[in-house]
Amino acid sequence: MASTASVLASTVASAAAETMEDLRFSITDYVVFTLMLSASAGIGVYFGFFSKAKNTTEEYLQGGKKMPTFPVAVSLVSSQLSGVAMMSIPADSYAFGFNIIFVMLAMIFAIPILVYVIVPVFYENGVSNCYEYLEMRFNKRTRQLVTITFVMNQFLMLPVFMFVPALAFSQVTGYNIHLINTVVSSICVFYTMLGGIKAVVWTDVVQGGVMLISVILVAVLGTINTGGLSTVLENASEGGRLDFNFSLDPRLRITFWSGIFSGLLMWTGKVGLDQSCVQRIVSLPSYNHAKRCLVMAGIGFLLIMTFTCFAGIIMFAYYYGCDPIQAGLVSKPDKLMPFFIQDIMGHLMGMPGVFISCVFSASLSSLSANLNSFAGVVYFDYIKPHIRHTEARANGIMKLVIVAMGAYCIVGGLVVQNFNSIIQTMWTITGINTGAVVGVFLLGMFVPRCNAKVAVTGIAFSVLTMLWIIFNGQLNFKAGLIRYDTLPNGLDKCEARDFQVILRAINNNLTQVATTPVPSLDAPKAVTTAFSSDREFSIYDISFYWYKVLGAILVFAWAIPMSFVWPTSKDEKQNPKLYSPFVRNLLNQPGPTLELEELPLKAPLPEDEDKNKENGIERDAEKSSHL
């Protein structure tokens, strides 16, 4: 039996290799891809060796606070669109439908919160590192606790950012995925290390342009090849990909409610409360520049992400009734996008190279921004307190931190390759602490009565509770109590649509291997799936999209009652600028015509009493002289 299985697996591999030979990079594609990487490296060399700038930490991390608005806006968009977004979001739409668009539309609500609630506080307090705010508002321990979660997230997520585009490149070239990961990660480390934040921003501009061109080309050419927009919508509707879910059941994989609320928490936390983005926002000359930058970034993000989400719907409509995954040509949805690109654009000179450049551009943007901010946080929070600080020494150490983290990303790819669903893995990992981080920032800005003790214990309560919920949720996944099966597709229309590559795979018996289910003798009767659940409600069954929201709620659920148990000392005075403008207005309501600093003291000082008496005597003397 084992020998038969090995022979069959060998047949599958050889047949897949034969059918994929038509879907390979050409010389032109390699040229396009090399030009993109060379442009990124060239920008790093320019800002590292030829740009006239001071060798200071402010220049390296913030561009001297003179960064132009539009490039920073493009950089913010580019860094949000990692290779995970370019590959995994279309795959998610293909497999589970278009409900993921609600996560992207949450940016519409996130931008006003960033512009009017969060960013003004940073500018008014002269914050260059968003974690400084937590030290100002609470204490140093709160800052250290949150920076630990930032560092932990970077260690978990940066290998993912780089591995996904390497996966795409390997899919269309056949090169070893770890070799690709090593080469491209090294280039990213090179230009980030040399050029600092200016290199990050200007390479993001180049890479953002590549991304925009690519996603529009994919949408247009994919729609044309499918037979027009009406055919795309018709096929997607028949396949259930346009069925929007408004259920209130938190166990369903994604609904309107989980998409909007989790997206709102994610974008608020990622853009406004994560140092990789805050660092660029506060590098602008003024708050008005930051406000314009965020609005432009929001519009650009919605434009690109709408195309990216819809690319998955186009992809499904194109392969409706002829699924490459069931045919054995693609092992999982995360690998489907490069296959689709080669299928619809492979005959156009250089077009596959443009798309793979797009995927790499997205990941390089995310990786470079995170490496730069990571180096700053590690130096100022963990290294500077223990050494004699000089500007030159600081810059040298931060460059070494970037190199070390780049090496870690390369090694981390060995682990990432074992993930089944990259987007689900990312949301699950970040769900442990992202909600707590967003929660404690909002707690500081909105609830004046909360002190440092309440904040620290609130973070700990949220993180430990979410860790317990997620751990038990993963146990339920492993036990088969939660199973996210994708929406169905088939192979019944391959011949009618003349998909020769897929038909050859079917004729080589790939279908039999790829689609034969393995029966489970102990499969549970009651299961929570992506679209329904017949189990009794359990908090461990909730969708991973709710993790961030629940984490933030837990902070407030702990902090509000505990602020009465551990009230703020009467002697402890807070700067009103540490609160959101909305809260400051509420605090000023008792004296609406007076500014906070103009309110009279409860008891006048002795010096003031003497001055008042003297002024009174002088006024009496003036009156008597007039009489």
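Residues numbered from 1 in each chain as written. Predicted model: local features only at pLDDT ≥ 70, side-chain atom pairs only at ≥ 80, totals over all residues. Heavy atoms only, no water.

Engineer: Would you explain helix α15 (residues 336-345) in this entry?
Structural biologist: Turn by turn, an α-helix covers 3.6 residues, leaving residues three or four places apart pointing in a common direction. Across the 10 residues that make up α15, a large majority, 9, are buried. Looking only at α15, the buried set comprises Leu 336, Met 337, Pro 338, Phe 339, Phe 340, Ile 341, Gln 342, Ile 344 and Met 345. (Buried < 20%, exposed > 50% of the residue type's maximum accessible area, 1.4 Å probe, protein only. Helix = DSSP H or I, 4+ residues; strand = E, 2+ residues; numbered from the N terminus.)

Engineer: Sorry if this is basic, but what is going on with the pattern of salt bridges here?
Structural biologist: Side-chain pairs of opposite charge can arise where the charged atoms are in close proximity. Throughout the structure, instances matching the rule amount to 8 salt bridges. Here Glu 135 makes a salt bridge to Arg 143, at a shortest N to O gap of 2.9 Å. Of the residues examined, Arg 143 reaches a relative accessible area of 12% and is grouped as buried. With a closest N to O distance of 3.0 Å, Arg 143 and Asp 381 form a salt bridge. (Salt bridge = Lys/Arg side-chain N within 4 Å of Asp/Glu carboxyl O.)

Engineer: Whenever I open this one, the packing of aromatic side chains confuses me. Can you help?
Structural biologist: The relative placement of two aromatic rings is captured by the distance of their centres and the angle of their planes. For the structure on display, the rule yields 29 aromatic pairs. Seen from their ring centres, Tyr 123 and Tyr 287 are 6.3 Å apart, and the 65° between their planes marks the pair as edge-to-face. A residue pair is termed long-range when its members are at least 10 positions apart, and Tyr 123 in helix α7 (residues 107-124) and Tyr 287 in helix α14 (residues 287-318) qualify at 164 residues. In textbook terms, an aromatic cluster arises when at least three aromatic residues are bridged by ring pairs, as seen for Phe 98, Phe 102, Phe 244, Phe 246, Phe 256, Trp 257 and Phe 310. Here the guanidinium or amino end of Arg 253 rests over the ring plane of Phe 96, the centre of that ring lying 3.8 Å away. Here the guanidinium or amino end of Arg 449 rests over the ring plane of Phe 564, the centre of that ring lying 3.9 Å away. (Phe/Tyr/Trp six-rings, centres within 6.5 Å; stacked < 30°, edge-to-face > 60°. Lys NZ or Arg CZ within 6 Å of the ring centre and 35° of its normal.)

Engineer: It is not clear to me how the confidence of the model for the chain should be interpreted in this structure. Could you clarify?
Structural biologist: Reading fine detail from the predicted coordinates is not recommended where pLDDT is low. Looking at the chain, the pLDDT average stands at 79 and 80% of residues meet or exceed 70. Across the chain, helix α6 (residues 101-105) holds the top mean pLDDT of 95, while helix α1 (residues 2-19) sits lowest at 37. Counted against residues more than four places away or in other chains, residues 510-521, with its pLDDT under 50, gives 18 contacts. Predicted confidence for residues 590-614 stays below pLDDT 50, and this span has 4 contacts to residues more than four positions away or in other chains. (pLDDT = per-residue confidence, 0-100. Contact = heavy atoms within 4.5 Å.)

Engineer: Looking at this structure, how should I read the side chain of Thr 268?
Structural biologist: Turning to its location among the elements, Thr 268 is positioned in helix α12 (residues 256-272). A distance of 2.7 Å separates a polar side-chain atom of Thr 268 from the backbone oxygen of Leu 264. When residues no more than four places from it in sequence are discounted, the contact partners of Thr 268 are Ala 110, Ile 113, Leu 114, Ile 118 and Leu 273. (Polar contact = N/O pair within 3.5 Å; in protein donor to acceptor, adjacent residues only side chain to side chain.)

Engineer: Sorry, what's going on with empty space enclosed by the protein here?
Structural biologist: To find the voids left in a structure, one rolls a probe of water-molecule size over its atoms. Taken as a whole and judged by the stated rule, the model has 3 cavities of 30 Å³ or more. Considering only enclosed or pocket space, the largest cavity measures out at about 660 Å³ in volume. Along its surface, the largest cavity is lined by 35 residues, and Phe 161, Met 266, Lys 270, Met 426 and Thr 430 are the ones closest to its centre. Listing elements by their share of the lining of the largest cavity, those giving two or more residues are α4 (69-80), α5 (83-96), α6, α9 (140-173), α12, α16 (351-383), α18 (422-430) and α19 (434-446). Broken down by element, the residue count for the lining of the largest cavity peaks at 6 residues, all from α9. For the lining of the largest cavity, a count of residues per class yields 20 nonpolar, 12 polar and 3 charged. Lining of the second largest cavity is provided by Leu 76, Val 77, Gln 80, Met 107, Ile 111, Val 271, Leu 294, Ala 297, Gly 298 and Phe 301. Tallied by class, residues from the lining of the second largest cavity come to 8 nonpolar, 2 polar and no charged. (1 Å grid on protein atoms, 1.4 Å probe; cavity = no way out; pocket = protein on both sides within 12 Å on 5 of 7 lines; lining within 4 Å. Points joined across faces, edges and corners; volume = space filled by probe spheres on them. Nonpolar A, V, L, I, M, F, W, Y, C, P; charged D, E, K, R; others polar.)

Engineer: Can you help me understand the nonpolar core in this one?
Structural biologist: The nonpolar side chains of a soluble globular protein tend to be buried, and buried together. Counting residues in hydrophobic clusters, the biggest one holds 175 residues, and the most contacted among them are Met 104, Phe 122, Phe 340 and Phe 441. The greatest single-element share of this core, amounting to 17 residues, is contributed by α14. Excluding residues that lie within four positions of it along the chain, Met 104 makes contacts with Ile 89, Trp 267, Phe 301, Leu 302, Met 305 and Cys 309. (Core = buried A, V, L, I, M, F, W, Y, C linked by side-chain atoms within 4.5 Å.)

Engineer: How do you make sense of the state of the cysteines when you look at a structure like this?
Structural biologist: Joining two cysteines, a disulfide is a covalent bond between their sulfur atoms. Under the criterion given, the structure shown has 1 disulfide. The side chain of Cys 322 participates in a disulfide bridge whose partner is Cys 494; the two sulfur atoms lie 2.0 Å from each other. With the S-S dihedral at roughly 110°, the linkage between Cys 322 and Cys 494 falls on the right-handed side. Separated by 172 residues along the polypeptide, Cys 322 in the loop between α14 and α15 and Cys 494 in helix α21 (residues 494-497) bring together distant segments of the chain. Of the two residues examined, Cys 322 and Cys 494, each falls in the buried class. Here Cys 277 stays free of any disulfide, with the sulfur of Cys 130 as its closest cysteine sulfur at 9.6 Å. (Disulfide = S-S within 2.5 Å.)

Engineer: Looking at this structure, I do not really get the environment of Ile 356. What am I missing?
Structural biologist: Within the element layout of this structure, Ile 356 appears in helix α16. C-alpha of Ile 356 to C-alpha of Met 86: the two residues are 270 residues apart in sequence and 9.8 Å apart in space.

Engineer: When you look at α4 in this model, what are you seeing that I'm missing?
Structural biologist: With 12 residues, α4 extends 17 Å between its outermost C-alpha atoms, agreeing within 8% with the 16 Å of an ideal straight helix rising 1.5 Å per residue. Across the 12 residues of α4, 11 count as buried, placing the element largely inside the fold. Along α4, the residues that are buried comprise Thr 69, Pro 71, Val 72, Ala 73, Val 74, Ser 75, Leu 76, Val 77, Ser 78, Ser 79 and Gln 80. (Expected span 1.5 Å × (residues − 1).)

Engineer: Even after reading the chapter, I still don't get the packing of α19 against helix α20 (residues 452-479), so can you show me in this structure?
Structural biologist: The description of two helices packed together rests on the angle between their axes and the distance between the axes. At a minimum axis distance of 9 Å, the contact between α19 and α20 shows a crossing angle of 155°. Relative to α20, α19 is oriented roughly antiparallel. For α19 against α20, the interelement crossing comes out right-handed. Contact residues: α19 offers Ala 436, Val 440 and Leu 443, while α20 offers Ala 455, Ile 459, Ser 462 and Val 463. (Axes fitted to C-alpha atoms, helices over the stretch in contact; angles between N-to-C directions. Parallel < 35°, antiparallel > 145°, perpendicular 65-115°, else oblique. Left-handed = near helix turned anticlockwise from the far one by under 90°.)

Engineer: Help me understand the side chain of Asn 153, please; the structure alone is not making it clear to me.
Structural biologist: Following the sequence through the fold, Asn 153 ends up in helix α9. Leave out the neighbours within four places in its chain, and Asn 153 touches Thr 430, Asn 433 and Thr 434.

Engineer: I would appreciate a short explanation of the packing of α7 against α14 in the present structure.
Structural biologist: At a minimum axis separation of 10 Å, α7 and α14 run at an interaxial angle of 160°. With respect to α14, the axis of α7 lies roughly antiparallel. The two elements α7 and α14 meet at a crossing, and its hand is right-handed. Judged by residue contacts, Met 107, Ile 108, Ile 111, Leu 114, Val 115, Tyr 116, Val 119, Pro 120 and Tyr 123 of α7 engage Tyr 287, Ala 290, Lys 291, Leu 294, Val 295, Gly 298, Phe 301 and Leu 302 from α14. Considered class by class, the residues forming the contact of α7 with α14 number 15 nonpolar, 1 polar and 1 charged.

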